[in-house]
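Commentary on secondary and tertiary structure
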2 protein chains.
Amino acid sequence: MPRKPIKNSKGGRKTVHAYHHGDLRRALVDQGTKLVQEQGHPSITVREVARRTGVTHTAAHYHFRTREALLAAIATRGFEEMTASLESAMRAATGARSRLALLGEAYVRHALRRGRLYQLMFSAETATRDAHPELRVASDRMFALLVDAIRDGQETGLVRGGPPVDAALVAWSAAHGFASLSLERRLMLPGLQGRENDELAAIVLRGAFEGIAIA
Amino acid sequence: MPRKPIKNSKGGRKTVHAYHHGDLRRALVDQGTKLVQEQGHPSITVREVARRTGVTHTAAHYHFRTREALLAAIATRGFEEMTASLESAMRAATGARSRLALLGEAYVRHALRRGRLYQLMFSAETATRDAHPELRVASDRMFALLVDAIRDGQETGLVRGGPPVDAALVAWSAAHGFASLSLERRLMLPGLQGRENDELAAIVLRGAFEGIAIA
DNA sequence: ACCTGAACACCGTTCAAGT
DNA sequence: ACCTGAACACCGTTCAAGT
């Protein structure tokens, strides 16, 4: 595999092997993210990521001691991007109610759009999170967004009292559960088959908010 | 496919030809199920399953053309067992309300108890279900249980009207989402940390039923 | 510090061959 | 029909060595 000569940003006279001059790590995460989105993390290999980046696989191992560490780095960035995406969606809010609605919709939409990357983010394979503190930080930050929006809702008299985390857990479970089931193709069931994802997502989000019981 | 290299735990397993006499297939699923529950499906290998069963790995390939087919068979049995477990739990019901409550509790409890097997059942790796019709049948049957319980609830005036599948989807999303997050160790968050799974499960199930909004 | 090349043990899958 | 043994092309990880 031929390396494409790239201009050295700090001078431009030297042709350098590839992007990697202090940034091979980032390049690997870039290519890894692409690969995950194409094929899903179970079939991702360190060797293929290295190949696509134009380096030997041992070079990749220099930056990521294990395959899991590489996946964790990819997942971490995924959480950061998702957090940014949710924050951006909520900026259009006019009040606590629309904040919650926008957040829920944005969550499911982003999850489904990212698909395999979202699945990696919540995969048990990256779940030895004690070994990957940045991953924990990134996912904690995303959950905090949820809790904040719920707290807002409580203060506006929209959401029941009690610890905000409790209500956040309900909403999160519903949104994550729906996204997971959809991505795992478990929604191909009689009565659900063929219906739009947006319609089903709305039903689930409304259900978590209003409940399925008769008041 | 990428598998973590596993140290050959116990040197040479003795070949016990007596085991398989027309039922090697079943024996492989038995051992495979055990292995999944011990280590999780990502690190399961056809070769190790065969080793534990006392046959060559090519014998396993005779019964399961691919690794995915073996995993699908394991997942199928998992669904059948879970369906039976849910049915059994509901037999203690005294009415539609307790039926729903028992079903929800049993679902989450079974999922958490089976852990890695449940994760396999809902893994995208076995999601090429068109290729594994028994898997589809088994999982459809489990979902049908949910829908039936919801329909019962509607007829008793407990659950809102509309298509029963819609309300079932809400409850399923919440239950599955909570189980998944718990199994993926994503509940180690400020405010949730250290609380009992049973308590959190009850919150989620009640939330799906009654909603988080103020009536 | 950063990357290469060779080596090791393991894997999924295929194929010819035995019973 | 059912299973074995050998072979192939992959893989994650480690190590000595180069720059």
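Residues numbered from 1 in each chain as written. Chains lettered and ligands numbered in written order. Predicted model: local features only at pLDDT ≥ 70, side-chain atom pairs only at ≥ 80, totals over all residues. Heavy atoms only, no water.

**Thoughts on the overall build of chain A**
When helices and strands are counted, chain A shows 9 helices and 2 strands. In chain A, the order of α-helices and β-strands from amino to carboxyl end is β-β-α-α-α-α-α-α-α-α-α. Put simply, chain A has 215 residues, and 51% of those count as buried. Counted over contacts in chain A with a minimum sequence separation of 6, partners at least 24 positions apart contribute 63%. Total accessible area computed for chain A in this model is approximately 10,500 Å², and 51% of it derives from carbon and sulfur atoms. (Helix = DSSP H or I, 4+ residues; strand = E, 2+ residues; numbered from the N terminus. Buried < 20%, exposed > 50% of the residue type's maximum accessible area, 1.4 Å probe, protein only. Contact = heavy atoms within 4.5 Å. Areas by Shrake-Rupley, 256 points an atom, 1.4 Å probe, with all protein chains shown as cover.)

**A short note on the interface of chain A and chain B**
You'll often see interface size given as the accessible area lost when the parts meet. Between chain A and chain B, the contact holds 57 residues from the first and 57 residues from the second. In this assembly, chain A packs against chain B so that about 5,000 Å² is buried in total across both faces, 64% of it on carbon and sulfur atoms. It is R160, R186 and I212 of chain A in chain A that bury the most area against chain B; as a group they hold 17% of the surface buried on that side. Our count for the contact surface shared by chain A and chain B stands at 2 salt bridges. One salt bridge in this structure joins R195 of chain A and D166 of chain B, with 2.9 Å as the shortest N-O distance. (Buried area = accessible area lost by both parts, 1.4 Å probe. Salt bridge = Lys/Arg side-chain N within 4 Å of Asp/Glu carboxyl O.)

**Quick word on the relation of the copies chain A and chain B**
Here chain A sits on chain B after a turn of 180 degrees about the axis and a move of 0.0 Å along it, with an RMSD of 0.0 Å. When the rotation and shift are considered jointly, the pair of chain copies conforms to a two-fold rotation axis. (Least-squares fit on C-alpha atoms with pLDDT ≥ 70 in both.)

**Examining the pattern of salt bridges**
Residue and element names in this part refer to chain B. If you walk through the whole model with that rule in mind, you get 22 salt bridges over all chains. Between R51 and E48 there is a salt bridge, and its shortest N-O distance comes to 2.4 Å. Here the residue R51 and the residue E48 both occupy positions in helix α2 (residues 46-53), the gap between them amounting to 3 residues, near one helical turn. Given the relative accessible area of 13%, E48 is considered buried. Between R151 and D148 there is a salt bridge, with its nearest N and O atoms 3.6 Å apart. Remark: D148 and R151 occur in helix α7 (residues 133-155); sequence separation between them is 3 residues, near one turn of the helix. Accessibility expressed as a relative area gives 36% for D148, which makes it partly exposed.

**Observations concerning the protein's contact with DNA strand C**
Neighbouring residues of DNA strand C: 20 residues in total, closest T56, T58 and H63 of chain A together with R47 and R51 of chain B. Of all atoms in DNA strand C that approach within 4 Å of the protein, 58% are sugar or phosphate atoms. The separation between a phosphate oxygen of DNA strand C and a polar side-chain atom of T45 of chain B is 3.4 Å. The contact in question runs from a phosphate oxygen of DNA strand C to an N or O atom on the backbone of V46 of chain B, over 3.0 Å. Contributing elements (two or more residues each) for the surface near DNA strand C: α3 (57-63) of chain A together with α2 and α3 (57-63) of chain B. (Near = heavy atom within 4 Å. Polar contact = N/O pair within 3.5 Å; in protein donor to acceptor, adjacent residues only side chain to side chain.)

**Focus: the domain arrangement of chain A**
Residue and element names in this part refer to chain A. Along its sequence, chain A is organised into domain 1 (3-65) and domain 2 (68-212). Facing 18 residues of domain 1, the contacting portion of domain 2 comprises 13 residues. Carbon and sulfur atoms supply 67% of the area buried between domain 1 and domain 2, which totals about 1,300 Å² over both sides. If you look at where domain 1 meets domain 2, you find 1 salt bridge. The closest approach of N and O atoms between R77 and D30, which form a salt bridge, is 2.6 Å. The tally of links between domain 1 and domain 2 comes to 5 residue pairs in polar contact (both at pLDDT 80 or more). Looking at the side of domain 1 that touches domain 2, the elements that each hand over two or more residues are α1 (24-39) and α2 (46-53). Among the elements that make up the side of domain 1 that touches domain 2, the one with the highest residue count is α1 (11 residues). Counted by class, the side of domain 1 that touches domain 2 contains 7 nonpolar, 6 polar and 5 charged residues. (Domains from an automatic or database assignment. Nonpolar A, V, L, I, M, F, W, Y, C, P; charged D, E, K, R; others polar.)

**Remarks on the protein's contact with DNA strand D**
With respect to spatial proximity, 18 residues lie near DNA strand D, and among them R47 and R51 of chain A together with T56, T58 and H63 of chain B are the closest. Sugar and phosphate atoms represent 56% of those atoms of DNA strand D found within 4 Å of the protein. Contributions of two or more residues to the surface near DNA strand D are made by α2 and α3 of chain A together with α3 of chain B. Here the element with the most residues in the surface near DNA strand D is α3 of chain B; it accounts for 4 residues. In terms of residue class, the surface near DNA strand D is built from 6 nonpolar, 9 polar and 3 charged.

**Some points on the packing of helix α5 (residues 96-114) of chain A against helix α9 (residues 197-210) of chain A**
Residues and elements named next belong to chain A. Where α5 meets α9, the closest approach of the two axes is 11 Å, and the angle between their N-to-C directions is 135 degrees. Our classification of the angle between α5 and α9 gives oblique. Crossing handedness for the pair α5 and α9: right-handed. The residues of α9 that touch α5, namely those facing R97, L100, G104, E105, V108 and L112, are N197, A201, L205 and F209. (Axes fitted to C-alpha atoms, helices over the stretch in contact; angles between N-to-C directions. Parallel < 35°, antiparallel > 145°, perpendicular 65-115°, else oblique. Left-handed = near helix turned anticlockwise from the far one by under 90°.)

**As for helix α9 (residues 197-210) of chain B**
Counted at 1.5 Å a residue, the expected span for α9 of chain B with its 14 residues is 20 Å, and the 20 Å between its end C-alpha atoms agrees. Within the span of α9 of chain B, buried status applies to L200, A201, I203, V204, G207, A208 and F209 of chain B. Against the buried residues of α9 of chain B lie α8 (164-183) and α9 of chain A together with α5 (96-114) and α8 (164-183) of chain B. Of the residues one or two after α9 of chain B, G211 of chain B is the one with positive phi, at around 85 degrees. (Expected span 1.5 Å × (residues − 1).)

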